[in-house]
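Here is how the chains run, residue by residue.
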Amino acid sequence: MTGHPQTDLGLYKPPQTVRGMTELDRAAFSQTVSVPAIRIPTQVLNKVVKGLKKVALQRPGLKRVVEDHSEDGNTYSSKGEHRLLLLDPNNITYADSFGSEEAEALKAYGVPQEIHKYQLKLTYENLKSEEILRAVLPEGQDVTSGFSRVGHIAHMNLRDHQLPYRKLIGQVIIDKNPGITCVVNKTNTIDSTYRNFQMEVLAGESNMVAKVRENGVLYEFDFSLVYWNPRLSTEHERIVSLLQRGDTVVDVFAGVGPFAIPAARRGCEVLANDLNPESFRWLQHNAKLNKVDRKITSFNMDGRDFIRGPVQERLPALMKGSQKIHVVMNLPALALEFLDAFRGLLGPEPDQSLSCLDDNLPQVHCYGFSKEDDTQRDVVERAEASLKISLQGQCPVHLVRNVAPNKEMMCVSFTLPRGVLYSTHTQNRDISEEPCPKKQKCEDLTD
């Protein structure tokens, strides 16, 4: 290190010489800064430090209280009668900077209100990840140190201007986040077929098998081969909270089981399906891991084939029971289009079912993305277009999360009309017609 100590403002930024660095050189971030300090007798040290906590230097990895050294490096007292409390240069620059509260504390313990200068060495370990990246990346460019955590894996979505620095960014994320041992960057959009994406390992190990605990449930899966979104934990919990012991859950796009596993743990019978063979394999693994494999019947099929096969076979018997039937369709890019698989699913309506009040009709929770100004209206209209029937006034719509600027993930919930399930009702029907003389109630679909 050369030159004079940095000014106080340098405490919060690494040296300019690291600008443009693409291979991490931790030593290059070291610098010496001059910070204010106050000399305190050791007998009253703890009490004074407590009184000055609002103006003391707060920085991870740095001690606020240091030895009292003279300019030549020797201590003022061999007995260690005094210590220096380092102060925040943004709050204290000279003796009169103390507020009334701090001044009273100093006076009460007989500590002179004098400011000393302490030469503090800052290293890479004392800097935050955002500070490091802001110093390295081109000035004025967006700096990101945010990521989604999936077990030991940090998943980033870097922008084009950040890519030349991607290896350095990955290493900084590992250094500054205990427990992260692998950093990956998504290199393409999600494949709507298997819902996975290509990724590049930026730093750390290449082990993609993650262990994740969500809402008290343990999951294991290969993150590079399946879909997992840690931002959906609240939504998983919301849907599961609607379920009662003995209910049946039909999970059309089950993934590795974030709806299916907790539903089974709640005492539900679950039919879980996913087209991705890797998701199917990890779904079965997680069912055994959580000791609910006897409650889950799993399938590896296309969603429409699943609805028109195993679901169609079981639905008549389930509808004769008293326990609720919940259909979860979490494939927001396409799920609304898959609703057409329910049209005429049960064939001609049997005579004994003319009383529509006696049927235990399935309750559907279907997800979709929307970029429209009126997102609720958009997803409802798209559901209606697939079902060829009106749902107006019959289905609550829940905002799940903001995915991107002007793009929302929504969940539309409704009782599946018998006018959709039976083929005699699906022929020559206008979308404005009511599905049944009595509108289906769906107040119980919201939490």
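Our structure's up above, just so we're on the same page.
Each chain carries its own residue numbering, running from 1 in the direction its sequence is written. The model is predicted, so local features are restricted to residues of pLDDT at least 70 and side-chain atom pairs to those at 80 or more, both for listing and for counting; the totals for chains, interfaces and linings are taken over all residues. Side-chain measures were taken over the full set of non-hydrogen atoms in the model, leaving aside hydrogen atoms and water.

K.L.:
Go over helix H2 (residues 100-108), please, and point to the residues and values.
P.N.:
For every residue, the accessible area (1.4 Å probe, protein chains only) is compared with the maximum for its type, and the residue is labelled buried under 20%, exposed over 50%, or partly exposed between those bounds. The numbering of helices and of strands both runs from the N terminus, where a helix is a DSSP run of H or I of at least 4 residues and a strand a run of E of at least 2. Among all positions in H2, only Glu 102, Ala 105 and Leu 106 are buried. Buried positions in H2, seen along its axis, are confined to an arc of 100° and lie on one side of it. More than 90 degrees from the buried face of H2, the exposed residues found are Ser 100, Glu 104, Lys 107 and Ala 108. Each element contacted by the buried residues of H2 is listed here: strand S1 (31-41) and helix H1 (45-51). Phi for Gly 110, located one or two positions after H2, is positive at around 65°. Read the arc as the range of directions from the helix axis to the C-beta atoms. Only heavy atoms matter for contacts: two residues are in contact if any of them lie within 4.5 Å across the pair.

K.L.:
Run through the side chain of Glu 214, naming residues and quoting values.
P.N.:
Topologically, Glu 214 is positioned in strand S9 (residues 209-214). With no salt bridge to any partner, buried Glu 214 finds its closest opposite charge in Arg 265, at an N-O distance of 10 Å. For this analysis, a polar contact is any N or O atom pair within 3.5 Å, provided that within protein one partner can donate a hydrogen and the other can accept it, and provided that sequence-adjacent residues contribute only side-chain to side-chain pairs. At 2.7 Å, the side chain of Glu 214 forms a polar contact with the side chain of His 236. If sequence neighbours within four positions are ignored, Glu 214 has contacts with Tyr 219, Trp 228, Ser 233, His 236 and Pro 258. Counted as positive: Lys and Arg. Counted as negative: Asp and Glu, with His and the chain ends omitted from the count. By definition, a salt bridge exists where a carboxyl oxygen of Asp or Glu is found within 4 Å of a side-chain nitrogen of Lys or Arg.

K.L.:
Describe the pattern of salt bridges, listing the residues and the values that go with them.
P.N.:
Scanning all chains against the criterion turns up 15 salt bridges. Across the salt bridge formed by Glu 101 and Lys 54, the nearest N and O atoms sit 3.5 Å from each other. In this pair, Glu 101 sits in helix H2 while Lys 54 sits in the loop between H1 and strand S2 (65-67), placing the two residues 47 residues apart along the sequence. Glu 101 sits in the partly exposed class, given a relative accessible area of 46%. When its relative accessible area of 56% is taken as the criterion, Lys 54 is described as exposed. Of the charged contacts, one joins Glu 313 and Arg 314 as a salt bridge, the two residues approaching to 3.9 Å between their closest N and O atoms. Its relative accessible area of 31% is what places Arg 314 among the partly exposed residues. Taken together, the salt bridges that share partners define one network made up of Arg 166, Lys 167 and Glu 200.

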